[in-house]
Amino acid sequence: MKKFSTAAACAAFLSVGVSAGAIHAQTAEVLHWWTSGSEQAALAEVRKAFEAKGGTWVDTPIAGGSNARAAAVNRMLGGDPAAVFQFSIGQQLRELADQGLLANVGKVADEENWDEKLPPLIVKAAKYDGNYIAAPINIHGENWMFYNKAVLEDAGIDVPTSWDDFIAAAEKLKAAGVTPIGLGGQPWQERIMFNSVLLGVGGREFYADLYSTLDDDLLESDTMHQVFETFAALKPFVDESSPGRNWNEATNMVIKGDAAFQFMGDWAKGEIIAAGIEPGTTVGCAFAPAVDTAYIMTVDAFAFSAMDGEDATPAQEKMAQVMLEPDVQIAFNMKKGSIPARLDVPSDSFDSCAQTAIKTLQDKKTHLVSTGLFGVPSAVSGAIDDSISNFWNSADMSPKEGQEQFHEAISYAK
Ligand code: GAL
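None of the values given here were measured: they were computed from a predicted structure.

(A) Representation of the packing of aromatic side chains. The tally for this structure, following the rule as stated, stands at 24 aromatic pairs. A centroid spacing of 5.2 Å and a plane angle of 75° characterise the contact between Phe 166 and Phe 263, whose relative ring orientation is edge-to-face. On the criterion of sequence distance, the pair formed by Phe 166 in helix H9 (residues 163-175) and Phe 263 in strand E10 (residues 259-264) is long-range, its members being 97 residues apart. With a centroid separation of 5.7 Å and an interplanar angle of 65°, the aromatic rings of Phe 287 and Tyr 295 are classed as edge-to-face. Pair check on accessibility: Phe 287 and Tyr 295 agree, each one buried. Following the ring pairs from residue to residue traces out a cluster consisting of Phe 194, Phe 228, Phe 231, Phe 391, Trp 392 and Phe 406.

(B) Spatial organisation of helix H17 (residues 326-336). Within H17, burial applies to Val 328, Gln 329, Ile 330, Phe 332, Asn 333 and Lys 336. Trailing H17 by a residue or two, Gly 337 shows a phi angle of about 90°, which is positive.

(C) Local environment of a negative patch on the surface. There is a patch of like negative charges on the surface, built from Asp 217, Glu 220, Asp 396, Glu 401, Glu 404 and Glu 408. Considering every element that reaches the negative patch, the biggest residue donor is helix H20 (residues 399-413), with 3 residues. Mapping Glu 408 onto the fold places it in helix H20. Overall, the relative accessible area of 60% leaves Glu 408 in the exposed class.

(D) Focus on the site of the ligand. Around the ligand, the surrounding shell consists of Trp 33, Trp 34, Glu 39, His 140, Trp 188, Trp 247, Trp 267, Asp 300 and Lys 336. Taking Trp 247, its side chain carries an N or O atom lying 3.5 Å from an oxygen atom of the ligand. At 2.5 Å, a side-chain N or O of Asp 300 approaches an oxygen atom of the ligand. Out of a free accessible area of 300 Å², the ligand has 90% covered by protein chains. Class assignment of the residues belonging to the shell around the ligand gives a composition of 5 nonpolar, 1 polar and 3 charged.

(E) Fine view of the environment of Gly 79. With respect to the element layout, Gly 79 can be found in the loop between helix H3 (65-77) and strand E3 (84-88). Sequence separation between Gly 79 and Asp 308 is 229 residues; the distance between their C-alpha atoms is 8.9 Å.

(F) Geometry of the packing of helix H2 (residues 37-52) against H17. Where H2 contacts H17, the axes come no closer than 7 Å and their chain directions differ by 170°. In terms of orientation, H2 lies roughly antiparallel with respect to H17. Touching Ser 38, Glu 39, Ala 41, Ala 42, Leu 43, Glu 45, Val 46 and Ala 49 of H2 are Val 328, Ala 331, Phe 332, Lys 335 and Lys 336, all from H17. Across the contact of H2 with H17, the residue classes tally to 8 nonpolar, 1 polar and 4 charged.

(G) Structural detail: the sheet that holds strand E7 (residues 138-141). Within the open sheet, the 4 strands sit side by side as E14-E7-E12-E15. Their pairing is mixed. At either end of the open sheet lies a strand with only one pairing partner, and these are strand E14 (339-340) and strand E15 (367-369). Across 3 bridges, the pairing between strand E12 (residues 295-298) and E15 is parallel. From the neighbouring strand, Ile 296 faces E15, where its bridge partner is Leu 368.

(H) Molecular detail of the pairing of strand E11 (residues 283-287). Across the 5 residues of E11, 5 count as buried, placing the element largely inside the fold. Judged by which residues are buried, E11 turns out to be covered on both faces: Val 283, Cys 285 and Phe 287 on one side and Gly 284 and Ala 286 on the other are all buried. Here 5 bridges tie strand E8 (residues 144-148) to E11, and the two strands are oriented antiparallel to one another. The residue bridging Asn 148 from the neighbouring strand is Val 283, located in E11.

(I) Inspection of the nonpolar core at higher detail. One finds Val 46, Phe 85, Ile 89, Leu 96, Leu 102, Trp 114 and Met 319 to be the most contacted residues of the largest nonpolar core, which totals 85 residues. Counting residues in hydrophobic clusters, the runner-up holds 50 residues, among them Met 145, Tyr 211, Leu 234 and Phe 391.

Conventions used here
- Residues numbered from 1 in each chain as written.
- Predicted model: local features only at pLDDT ≥ 70, side-chain atom pairs only at ≥ 80, totals over all residues.
- Heavy atoms only, no water.
- Phe/Tyr/Trp six-rings, centres within 6.5 Å; stacked < 30°, edge-to-face > 60°.
- Helix = DSSP H or I, 4+ residues; strand = E, 2+ residues; numbered from the N terminus.
- Buried < 20%, exposed > 50% of the residue type's maximum accessible area, 1.4 Å probe, protein only.
- Patch = residues over 30% accessible without salt bridge, like charges linked within 9 Å, V, L, I, M, F, W, Y side chains within 5 Å.
- Areas by Shrake-Rupley, 256 points an atom, 1.4 Å probe, with all protein chains shown as cover.
- Salt bridge = Lys/Arg side-chain N within 4 Å of Asp/Glu carboxyl O.
- Lys, Arg positive; Asp, Glu negative; His and termini not counted.
- Charge placed at Lys NZ, Arg CZ, Asp CG, Glu CD.
- Near = heavy atom within 4 Å.
- Polar contact = N/O pair within 3.5 Å; in protein donor to acceptor, adjacent residues only side chain to side chain.
- Nonpolar A, V, L, I, M, F, W, Y, C, P; charged D, E, K, R; others polar.
- Axes fitted to C-alpha atoms, helices over the stretch in contact; angles between N-to-C directions.
- Parallel < 35°, antiparallel > 145°, perpendicular 65-115°, else oblique.
- Contact = heavy atoms within 4.5 Å.
- Pairing = 2+ DSSP bridges.
- Core = buried A, V, L, I, M, F, W, Y, C linked by side-chain atoms within 4.5 Å.

And the structure:
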């Protein structure tokens, strides 16, 4: 191999070094758990916009939200952080900021005036010590009920508006040989259905008071007992293959008519759209049965690891800026099944279910927060999921015992 002089070799190294640095400045590794068809299609819209602005996207998908979040944190603690990682805004992200693990994108947020463009609830949850620690990209609702219209019509069933009506409808469906509820038997999915029952039976004030105070009297209340009785009444309505099933497989059961209903966040609507179905046509959407109207929100976001030096900052700031561009907000959310985080994005191109969400959220009394990542500390969130899953999967725990172990788990965790 021809020997370079030292000077020539240094010049060559420096030129590569500079270009490598320039390339590195536009490169962002993105760690996320969006691995379903619609999640990948939605995220591709962000990637396309980021790359169109000169960014290089290094994709690190990890299936399962809890797996991806654990990987992101372990990599930060291990000194090999992913520059950008999916989380959701709320108390659990603040816990990472408390540990000094996050960079902030306050410069972009100020330049783009996010304070004026985002709902106050999101502004408050996405900021830490006055700076944005995440780029909120959407608003999802968890208390949705998706249903196969033909299955309901064949069984002579109207869309239920109370849990008593739902149970009567489910008994009729089961007698007709139809699986009433398509459920993925994983703790977070069981919790989503439980919280729809809690909201539906207790009402939006009870939900808000319970999860904001974790008050013993509320946890021991007759209302809470009624919630566990109603939740227990749903057990006979899922099929025996439910345990371990992924959420999008349950959505597919409703799409195909193998199950009548799914109680899930409206990311399920993304799968319905990806299947080529206009939401509200063959697959309908409604809020889960409830005594009053409310929206249990979870806000997807991307946070930014604190990195050594400034090399990653330009790519992190570019990513934050791209995610909130109006065109990206529309393209991403239409495929994700969510609605834009930004208030000033035209919504007339969104489906009828999204229009219901947008209209509902205009009344601030409907604003509730998920116990997944948003509204409670991680220890309490884990206690809620685990104790509900224990109850759901127990063949002999009474509703009263379920309520007591739920109370005990939360009291221990809070
Ligand atoms: C949630 C997230 C949704 C969807 C869902 C299932 O945490 O907010 O966007 O990804 O997980 O993967």
